[in-house]
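Commentary on secondary and tertiary structure
Residue-level listing of the chains:
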Amino acid sequence: MTTALITHPDCLLHEPPPGHPERSARLSEVLKLLEGPEFASLLRKSAPKASEAALARVHDPDFVTALLEAMPESGYVQVDSDTIASPGTKDAILRAAGAVILGVDMVMAGEAKNAFCAVRPPGHHATPHRAMGFCFFNSVAVGAFHARAAHGLEKIAVVDFDVHHGNGTQAAFTSDPRLFYASTHQSPLYPGTGSADETGVAHNIVNAPLSRGAGGPEFRRAFEREILPALATFGPDLLIISAGFDAHRDDPLAQLRLDESDFSWATGALCKIAKQSCEGRVVSSLEGGYDLSATARSAGAHVRALMAA
Ligand SMILES: [Zn+2]
């Protein structure tokens, strides 16, 4: 079985004002790299738009309606200090969440062994009630709640190695013992959440903050000592990865010192647990990553590890 690559050209049309780090070139560079011959066997699929009902499984329905109605037909709408909508944003955010939903459906149907959603904007800062941190809807949480509603899965895990803490995913998961969220992230850093003592209602939240300047050895140690054992004990029926690559040493928004081999290693370790726990069902979605070359190379390493799993 193969790895699916799910994307949509609409994800390039979300255009915050010039100078904003979350720009469309991030995704176009990733897609260009994934056109290479070693990725020829990827099963390429077009992301559908998520329905409002699917979004409202995670988000307050009034928030969903209000956010979609606020999307501009021209100019910009600032929905949070650094979260700015342009005319292309509405379709991009619906495709980004729809990609994760399709990824879940494909791995559940056995059409792909795992999937990478090459989408933007990212989603992991979006809480049930609020858009923030470049994020509008929480695509991985929408995928997780879809997996439960449409496929009857009991236990769903999200592991997030973006350099920022996924406060939105944690907020959506923290009170439900059948949902698991684990994160490595630089601390202190935006959004300021994710301390190790935030453990959820049933130790279903695992935060492994890393200090400024930490590199591959510290990252791998956090995975081996904290995240991987907790994930294996939880025993997910589906694993979703919030794949941000802004912990790369070249990233301009943070100060961790990972490289492509660390993302590849983490992906392999996660897929190994998924194999033991849920027949290898993994859906990964692009979150952050703001150095164009480092993000593309890291995404390539990540997809290579998914293909090899
Ligand atoms: Zn990030």
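Since the model is a prediction, treat every value here as computed from it, not as a measurement.

What counts and how
- Residues numbered from 1 in each chain as written.
- Predicted model: local features only at pLDDT ≥ 70, side-chain atom pairs only at ≥ 80, totals over all residues.
- Heavy atoms only, no water.
- Axes fitted to C-alpha atoms, helices over the stretch in contact; angles between N-to-C directions.
- Helix = DSSP H or I, 4+ residues; strand = E, 2+ residues; numbered from the N terminus.
- Parallel < 35°, antiparallel > 145°, perpendicular 65-115°, else oblique.
- Left-handed = near helix turned anticlockwise from the far one by under 90°.
- Contact = heavy atoms within 4.5 Å.
- Nonpolar A, V, L, I, M, F, W, Y, C, P; charged D, E, K, R; others polar.
- Donors = N, O, S within 2.8 Å, 3.2 Å for Na, K, Ca; no water.
- Tetrahedral: all angles 85-135°; square planar, octahedral: opposite > 155°, others 65-115°.
- Buried < 20%, exposed > 50% of the residue type's maximum accessible area, 1.4 Å probe, protein only.
- Arc of directions from axis to C-beta.
- Polar contact = N/O pair within 3.5 Å; in protein donor to acceptor, adjacent residues only side chain to side chain.
- Pairing = 2+ DSSP bridges.
- Phe/Tyr/Trp six-rings, centres within 6.5 Å; stacked < 30°, edge-to-face > 60°.
- Lys NZ or Arg CZ within 6 Å of the ring centre and 35° of its normal.

Contact geometry for helix 8 (residues 260–278) and helix 9 (residues 292–308): axes closest at 8 Å, N-to-C directions at 30 degrees. When the interaxial angle is binned, helix 8 and helix 9 end up roughly parallel. Seen along the crossing, helix 8 lies across helix 9 with a hand that is right-handed. In contact with Glu260, Phe263, Ser264, Thr267, Gly268 and Cys271 of helix 8, helix 9 contributes Arg297, Ser298, Ala301, His302, Ala305 and Leu306. Tallied by class, residues from the contact of helix 8 with helix 9 come to five nonpolar, five polar and two charged.

Every protein donor of the zinc ion is accounted for by Asp162 (OD), Asp162 (OD), His164 (ND1) and Asp246 (OD), and the metal-donor separations fall at 2.0 to 2.8 Å. Angles of 52 to 154 degrees at the metal separate the four donor atoms of the zinc ion, which places the site in the irregular class. Sequence positions of the residues that donate to the zinc ion give the spacing D-x1-H-x81-D. Just as aspartate 162 is buried, histidine 164 falls in that class too.

With that settled, the discussion passes to helix 3 (residues 61–70). Listed in full, the buried residues belonging to helix 3 are Phe63, Val64, Leu67 and Leu68. An end-on view of helix 3 places all buried positions within 125 degrees of arc, on one side of the element. Exposed positions of helix 3 whose direction lies more than 90 degrees from the buried face are Asp62 and Glu69. Residues of helix 3 that are buried make contact with helix 2 (52–55), strand 3 (77–80) and helix 4 (89–109). Two to three positions downstream of the cap, the backbone nitrogen of aspartate 62 sits 2.9 Å from a side-chain oxygen, assigning the N-cap of helix 3 to aspartate 60.

Another point: the sheet that holds strand 10 (residues 282–286). Taking strand neighbours across the sheet as the criterion, the eight strands line up as 2-1-5-10-9-6-7-8 in an open arrangement whose pairing is parallel. Edge strands, defined here as strands with exactly one partner in the open sheet, are strand 2 (43–46) and strand 8 (205–210). On average, adjacent strands in this sheet sit at an angle of 15 degrees to one another, irrespective of strand direction. In this structure, strand 6 (residues 156–160) lies alongside strand 7 (residues 179–186), joined through five bridges in parallel fashion. Bridge assignment links valine 158 to a residue of strand 7, and that residue is tyrosine 181.

Moving on to the packing of aromatic side chains. Two descriptors summarise a pair of aromatic rings, namely the distance from one centre to the other and the angle between the planes of the rings. Applying the stated criterion across every chain, the model contains nine aromatic pairs. Judged by centre distance (5.7 Å) and plane angle (85 degrees), the rings of phenylalanine 134 and tyrosine 290 are edge-to-face. Linking phenylalanine 134 in the loop between strand 5 (114–117) and helix 5 (139–151) with tyrosine 290 in the loop between strand 10 and helix 9, this pair joins segments that are 156 residues apart in sequence. The pair phenylalanine 134 / tyrosine 290 is uniform in exposure class, with both members buried. Among the aromatic residues, ring-to-ring pairing joins Phe161, Phe245 and Phe263 into one connected group. A cation over an aromatic ring shows up here: arginine 148 above the ring of phenylalanine 145, its NZ or CZ 5.9 Å from the ring centre. Sitting over the face of the ring of phenylalanine 234, lysine 155 holds its NZ or CZ atom 5.6 Å from the ring centroid.

Take the side chain of histidine 8 next. Note on placement: histidine 8 falls in the loop between strand 1 (3–7) and helix 1 (24–33). At a separation of 2.9 Å, a polar atom in the side chain of histidine 8 contacts the main-chain amide nitrogen of aspartate 10. Residues in contact with histidine 8, not counting those within four places in the same chain, are Ser46, Ala47 and Arg95.

Read these as geometric descriptors, not functional statements.
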